[in-house]
Amino acid sequence: MNEITITELEPGTFGVELEEGDETTSHRVRLEDDFLDDAGLDTVEREALVRETFAFLLEREPATAIMTEFGLDDVARFFPDYVDEVTRRLS
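Keep in mind it's a predicted model, so treat the numbers as computed, not measured.

A. Spotlight on the overall build of the chain. When its secondary structure is counted, the chain shows four helices and four strands. Mapped in sequence order, the helices and strands of the chain form the string β-β-β-α-α-β-α-α. Computed over C-alpha atoms, the radius of gyration of the chain comes to 12 Å, within 12% of the 12 Å expected from 2.2 N^0.38 for 91 residues, which places it in the range of a compact globule. Along the longest, intermediate and shortest principal axes, the C-alpha atoms of the chain span 35 × 25 × 20 Å. In the chain, which comprises 91 residues, the share counted as buried stands at 38%. In the chain, the share of contacts with a sequence separation of at least 24, taken over all contacts with a separation of at least 6, comes to 48%. Accessible surface computed for the chain: about 5300 Å², of which carbon and sulfur atoms make up 45%.

Pasting the structure below:
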């Protein structure tokens, strides 16, 4: 079971710690307003979006493979189904 701890560092930027077994990884995630608007995610609660983004990523790769710093637009570039899937999960 993965433990996800999310902390808002500043507006639009979150720190995330993932505990996966005996490993802990740290990540910094940017939520760019332009991307959120274009993806139709601008009305979604930010912490919920970050949490679902990590759930999405952890279904596809181990925590140690997730970039330490990235924006949501990076996730959409690597995983074309990201926006549709996260939108479905949060609706």
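On we go from here.
B. Just the side chain of threonine 25, in detail. Tracing the sequence through the fold places threonine 25 in strand β3 (residues 23-30). In terms of polar contacts, threonine 25 uses its side chain to reach the side chain of histidine 27, at 2.7 Å. When neighbours within four sequence positions are excluded, threonine 25 is seen to be in contact with Val16, Glu17, Leu18, Ala63 and Thr64.

C. Up close: the environment of aspartate 74. Its location among the elements puts aspartate 74 in helix α3 (residues 72-78). Residues aspartate 74 and arginine 30, spaced 44 residues apart in sequence, show a C-alpha to C-alpha distance of 9.7 Å. Of note is the side chain of aspartate 74, whose polar atom sits 2.8 Å from the backbone nitrogen of glycine 71.

D. Representation of the sheet that holds strand β1 (residues 2-10). In spatial order, the strands read β1-β2-β3-β4; together these four strands make up an open sheet with mixed pairing. Taken across any chain shown, the strands that pair with only one partner, and hence form the sheet edges, are β1 and β4 (69-71). Averaged over all adjacent pairs, the angle separating strand axes in this sheet is 25°, with direction ignored. Sheet topology places strand β2 (residues 13-20) next to β3; eight bridges connect them, and they run antiparallel. Looking at β3, one finds that glutamate 20 is bridged to glutamate 23. Along the sheet, helix α2 (residues 46-58) contacts β1, β2, β3 and β4; its crossing angle with β2, the most-contacted strand, is approximately 40°.

Rules and cut-offs
- Residues numbered from 1 in each chain as written.
- Predicted model: local features only at pLDDT ≥ 70, side-chain atom pairs only at ≥ 80, totals over all residues.
- Heavy atoms only, no water.
- Helix = DSSP H or I, 4+ residues; strand = E, 2+ residues; numbered from the N terminus.
- Rg over C-alpha atoms; globule rule 2.2 N^0.38 Å.
- Buried < 20%, exposed > 50% of the residue type's maximum accessible area, 1.4 Å probe, protein only.
- Contact = heavy atoms within 4.5 Å.
- Areas by Shrake-Rupley, 256 points an atom, 1.4 Å probe, with all protein chains shown as cover.
- Polar contact = N/O pair within 3.5 Å; in protein donor to acceptor, adjacent residues only side chain to side chain.
- Pairing = 2+ DSSP bridges.
- Axes fitted to C-alpha atoms, helices over the stretch in contact; angles between N-to-C directions.

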